[in-house]
Amino acid sequence: MWVLIVLGVVVAAVLYFVGIYNGLIRARNQAKNGWSQIDVQLKRRHDLIPNLVETAKGYMKHEQQTLEKVVQARTAAIGAKGPAEAGKAEGLLGAALSGFFALSERYPDLKANQNFLSLQEELASTENRIGFARQAYNDAATTYNNKREVFPASLISGSFEQAELFEIEAPGERSVPKVEF
Amino acid sequence: MWEQIRSNRRRSAFVVTAMGVLLVAAGMALGAYVNPTFTGMVVGGIAALVLWLVQWGVAVGSGDDIMLRMTGARQIRHEDHPILVNVVEEMAIAAQLPQAPRVFIVDDPSPNAFAVGRDPQKTTVAVTTGLLRILDRDELQGVIAHEIGHIKNRDVSLITLAGVMVGSIVILAELGLRALWYSGGGLRRSRTSSNRDGGQAIILLVAILLLILAPILAQLIYFALSRRREFLADASSAFFTRYPEGLASALEKLSSTHTPLTDTSRVTAPMYIVRPLRKGQKMSATSAFATHPPIADRVRILRSMAGGAGFGDYDRAFGKIRGRRIVGEHSIAEAASVPLRQPAAAEQGGPRERAREASDAFLTASGYGVRTCADCGAKVKAPPSLADRLDACPRCDGDLGPWTE
């Protein structure tokens, strides 16, 4: 009789920890998914920039420096590794882009260019996508981190690494480039 | 991340079960009425379940395309209306949907939007041209996020399931009551039969009472369920966008128009963002028979979400306005409170450009092409069948350029 009870308790405990383990795996996968979505959107932004620079070149002849800055920031952002470094590089790229869009205000011909307008919309949307992907990733990462730290999950979560949050370090990065019309 | 809707899922399962019990009870009542024995009741109950299963199978099997076809919605591509498609894709990312929904446009001046799709891999968001005409980007985002909230919370399957159940119960009750009307009452018939007794008379009385009450009860449950899911989709919208003001201001704009929507049925009504008005119907005050909660309440709740956009923030705001809770304190441990964001930058184009973009998007999605006048620059939009029959510009009689899609 006692053997049965002990056995039952042990089985229940094992099942309980299996449940916790699976929950941790699920939360980690959710966070990983979120991160890959950010990656996709950052790449989308990097792909849009050469087109934008190409379109603007003809109109903004005296602003080579600004264009150069955008191109350099893009190259640096492509080379960045890991959330912390990427956050910094993307912040600089965002700042360079908003500087560029502010300058483009002085060129009415450029602003009337259909191609430029649609690129502007795509870039603004990409900024939003990065923002929302980051929001979803950070929520998932926080959930996962909480799950692995609370007792009793902390007893078995040794092999689960803490997820890094993704913060973009530059004011104005999170918002759409401000453009007055 | 979706812990917060788990308790609501349980609650919805309970509601659907309660409706199932009502359905079987109505079936048994009808069975007892036709043949007041135990076998009659069992046969009636099984018949009710079969009726429901068949109807549900038809509703699920025929898929989302029926509703889309009924409303005349057309699928658009990215280049037809970049802003709308971008906003939908942004919200799909915020909601972590595995796949961005397809985007459809309905050519209807009444501003409204709906979502369909049971399979998360293949979902659809549809908006009317009237909606695109009056909303700015932040407002559009709020509305799309509400629809994606319906998708994420699995409301589409739930509403179909429950809606079909109500339909079955109504059919059963009508059958029973009509039979009663034409036969002049089962009680009298049973009284004349040789083996009548008091027990049977009581069973028959209960059966008739059930047949009268079941459809009313089922509809009350159904509408309460639908209103609840509407609030939850609002909460999801605030959470995805981190900007409840967008949806609040959109709802206000929607409530100030009184253009009736052309085609809606009672079953599909819960999928719209605001209750679709039918022709000749007036926007009435709150009632137990409404699929949607009053817009004024929804706006006030969204606007009282001071300082946060999480489910907990919505829950507290809901409590302030309606005096009770909706999400449930225990189920919002995660995503309880998250900071709000700032409104987006001013966008290009006024209401006029928006209106043109909206109708152009629908026209190109319907296969219309453009011929540009060489003299005055007017753009003539025409379906392929008419494009060749136009020889001169209708405005200046100038030459029309080639037809482009």
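Each value, and the rule that gives it
Residues numbered from 1 in each chain as written. Chains lettered and ligands numbered in written order. Predicted model: local features only at pLDDT ≥ 70, side-chain atom pairs only at ≥ 80, totals over all residues. Heavy atoms only, no water. Helix = DSSP H or I, 4+ residues; strand = E, 2+ residues; numbered from the N terminus. Buried < 20%, exposed > 50% of the residue type's maximum accessible area, 1.4 Å probe, protein only. Contact = heavy atoms within 4.5 Å. Areas by Shrake-Rupley, 256 points an atom, 1.4 Å probe, with all protein chains shown as cover. Patch = residues over 30% accessible without salt bridge, like charges linked within 9 Å, V, L, I, M, F, W, Y side chains within 5 Å. Salt bridge = Lys/Arg side-chain N within 4 Å of Asp/Glu carboxyl O. pLDDT = per-residue confidence, 0-100. Pairing = 2+ DSSP bridges. Axes fitted to C-alpha atoms, helices over the stretch in contact; angles between N-to-C directions. Expected span 1.5 Å × (residues − 1). Polar contact = N/O pair within 3.5 Å; in protein donor to acceptor, adjacent residues only side chain to side chain. Phe/Tyr/Trp six-rings, centres within 6.5 Å; stacked < 30°, edge-to-face > 60°. Lys NZ or Arg CZ within 6 Å of the ring centre and 35° of its normal. Parallel < 35°, antiparallel > 145°, perpendicular 65-115°, else oblique. Nonpolar A, V, L, I, M, F, W, Y, C, P; charged D, E, K, R; others polar.

Peer 1: Help me understand the overall build of chain A, please; the structure alone is not making it clear to me.
Peer 2: Within chain A, the regular secondary structure consists of 5 helices and 0 strands. Listed by position from the N terminus, the elements making up chain A come as α-α-α-α-α. Within chain A, the fraction of its 181 residues that count as buried is 46%. Summarising the internal contacts of chain A: among those between residues at least 6 apart in sequence, 77% fall at separations of at least 24.

Peer 1: Sorry if this is basic, but what is going on with the overall build of chain B here?
Peer 2: A count of helical and extended segments in chain B gives 14 helices and 6 strands. The burial tally for chain B puts 52% of its 405 residues in the buried class. Within chain B, residue pairs in contact and separated by at least 24 positions form 69% of the contacts whose partners lie at least 6 positions apart. Total accessible area on chain B stands at roughly 18,400 Å², and carbon and sulfur atoms take up 59% of it.

Peer 1: For this particular structure, what's the right way to read a nonpolar patch on the surface?
Peer 2: Residues and elements named next belong to chain B. A cluster of nonpolar side chains, Phe38, Val42, Ile46, Val50, Val54 and Val58, forms an exposed patch at the surface whose accessible area comes to about 580 Å². Positionally, Val42 belongs in helix H2 (residues 38–61). The partly exposed category is assigned to Val42, whose relative accessible area is 36%.

Peer 1: What's the story with the confidence of the model for chain A in this structure? I'm lost.
Peer 2: Low-pLDDT portions of the prediction should not be read for the details of their coordinates. Residues and elements named next belong to chain A. On average, residues of chain A carry a pLDDT of 84, and 93% of them reach 70 or more. The secondary-structure element of chain A with the lowest mean pLDDT is helix H4 (residues 108–112), recorded at 84, while helix H1 (residues 2–57) shows the highest, at 90. Per-residue pLDDT stays below 50 along residues 171–175; that stretch engages in 11 contacts with residues further than four places along the chain or on separate chains.

Peer 1: Would you explain the sheet that holds strand S4 (residues 124–128) of chain B in this entry?
Peer 2: By definition, the strands of a sheet pair up through backbone hydrogen bonds, in either a parallel or an antiparallel sense. Residues and elements named next belong to chain B. Here 4 strands make up an open sheet; going across it, the order is S1-S2-S4-S3 and the pairing mixed. For this open sheet the edge positions go to strand S1 (74–75) and strand S3 (113–116), each flanked by a neighbour on one side alone. Note: S1 against strand S2 (residues 102–106), 2 bridges, orientation antiparallel. Residue pairing across strands places Gln75 opposite Phe104, the latter belonging to S2. Each of S3 and S4 touches helix H6 (residues 137–152); the most contacted strand, S4, lies at about 145° to it.

Peer 1: Mind showing me how you'd approach helix H10 (residues 244–255) of chain B here?
Peer 2: For an α-helix the count is 3.6 residues per turn, leaving residues at separations of three or four pointing the same way. For H10(B), which comprises 12 residues, the first-to-last C-alpha distance of 17 Å matches the rise-based estimate of 16 Å (1.5 Å per residue) to within 8%. B:Pro244, B:Gly246, B:Leu247, B:Ala248, B:Ser249, B:Ala250, B:Leu251 and B:Leu254 are the residues of H10(B) that are buried.

Peer 1: What is the right way to look at the side chain of B:Asp108 in this model?
Peer 2: Note on placement: B:Asp108 falls in the loop between S2 and S3. A polar side-chain atom of B:Asp108 sits 3.0 Å from the main-chain amide nitrogen of B:Ser110.

Peer 1: Even after reading the chapter, I still don't get unusual backbone geometry, so can you show me in this structure?
Peer 2: Outside of glycine, negative phi angles account for most residues, and trans bonds account for most peptide bonds. A cis amide bond, omega 5°, links A:Phe151 with the succeeding residue A:Pro152. Relative to the elements of secondary structure, A:Pro152 occurs in the segment after helix H5 (114–149). Backbone geometry at B:Arg242 places phi at a positive 55°, although glycine is not the residue there. Looking at the element boundaries, B:Arg242 is found in the loop between helix H9 (198–241) and H10. The class of B:Arg242 is buried, set by a relative accessible area of 8%.

Peer 1: Whenever I open this one, H5(A) confuses me. Can you help?
Peer 2: Residues and elements named next belong to chain A. Its 36 residues place the ends of H5 52 Å apart at the C-alpha level, agreeing with the 52 Å of an ideal helix rising 1.5 Å per residue. Most of H5 sits inside the fold, with 29 of its 36 residues counted as buried. For H5, the capping residue at the N-terminal end is Asn113, with a side-chain oxygen 2.7 Å from the backbone nitrogen of Asn115.

Peer 1: Even after reading the chapter, I still don't get the side chain of A:Glu122, so can you show me in this structure?
Peer 2: Here A:Glu122 shows up in helix H5. We classify A:Glu122 as buried; its relative accessible area is 12%. Among all residues touching A:Glu122, those that are not within four sequence positions of it are A:Arg44, A:Leu48, B:His78, B:Pro82 and B:Asn86.

Peer 1: Help me understand the packing of aromatic side chains in this model?
Peer 2: Remark: the centre distance and the inter-plane angle together describe each pair of aromatic rings, the angle taken between the planes. Under the definition given, this model contains 9 aromatic pairs over all chains. Measuring from centroid to centroid gives 6.1 Å for B:Phe239 and B:Phe240, while their planes differ by 50°, and the two rings are tilted. For the pair B:Phe239 and B:Phe240, a shared accessibility class is recorded, and that class is buried. Put simply, the rings of A:Phe100, A:Phe101 and A:Phe116 touch in pairs and so form one group of aromatic residues. When the ring centre of B:Phe239 is taken as origin, the NZ or CZ atom of B:Arg242, which lies over that ring, is 4.7 Å away.

Peer 1: Got a minute to help me understand the packing of H6(B) against H10(B) in this structure?
Peer 2: What describes two packed helices is the angle between their axes and the distance between those same axes. Residues and elements named next belong to chain B. Between H6 and H10, the least distance of the axes is 7 Å, while the angle of their chain directions is 95°. Taken together, H6 and H10 sit at an angle that is classed as roughly perpendicular. On the side of H6, the interface is formed by Asp138, Glu139, Gly142, Val143 and His146, while H10 contributes Gly246, Leu247, Ser249, Ala250 and Lys253. For the contact of H6 with H10, the class distribution of residues is 3 nonpolar, 4 polar and 3 charged.

Peer 1: Explanation requested: the pairing of strand S5 (residues 369–372) of chain B in the structure shown.
Peer 2: Regular strands have side chains that alternate between both faces of the sheet. Residue and element names in this part refer to chain B. Bridge count between S5 and strand S6 (residues 379–382): 4 bridges; the pairing is antiparallel. Looking across to S6, one finds that Gly369 is bridged to Ala382. Connecting S5 to the next strand, S6, in antiparallel fashion are 6 residues, including Gly377 with a positive phi near 80°.

Peer 1: Please explain the environment of B:Phe38 as it appears in this structure.
Peer 2: Residue and element names in this part refer to chain B. Within the secondary structure layout, Phe38 lies in helix H2. The exposure class of Phe38 is exposed, given its relative accessible area of 65%. Sequence separation of Phe38 and Met28 is 10 residues, and the distance between their C-alpha atoms is 9.2 Å.

Peer 1: Could you clarify how one ought to interpret the pattern of salt bridges in this entry?
Peer 2: Inspection of every chain in the model, using the stated rule, returns 21 salt bridges over all chains. For B:Glu89, the salt bridge is made with A:Arg129, and the minimal N-O distance between the two is 2.9 Å. You can see B:Glu89 sitting in helix H4 (residues 82–94) and its partner A:Arg129 sitting in helix H5, one on each of two chains. For the salt bridge of A:Glu149 with A:Arg148, the shortest nitrogen-to-oxygen distance reads 3.8 Å. When its relative accessible area of 46% is taken as the criterion, A:Glu149 is described as partly exposed. Among the charged side chains, a salt-bridge network with shared partners connects A:Arg45, A:Glu90 and A:Glu127.

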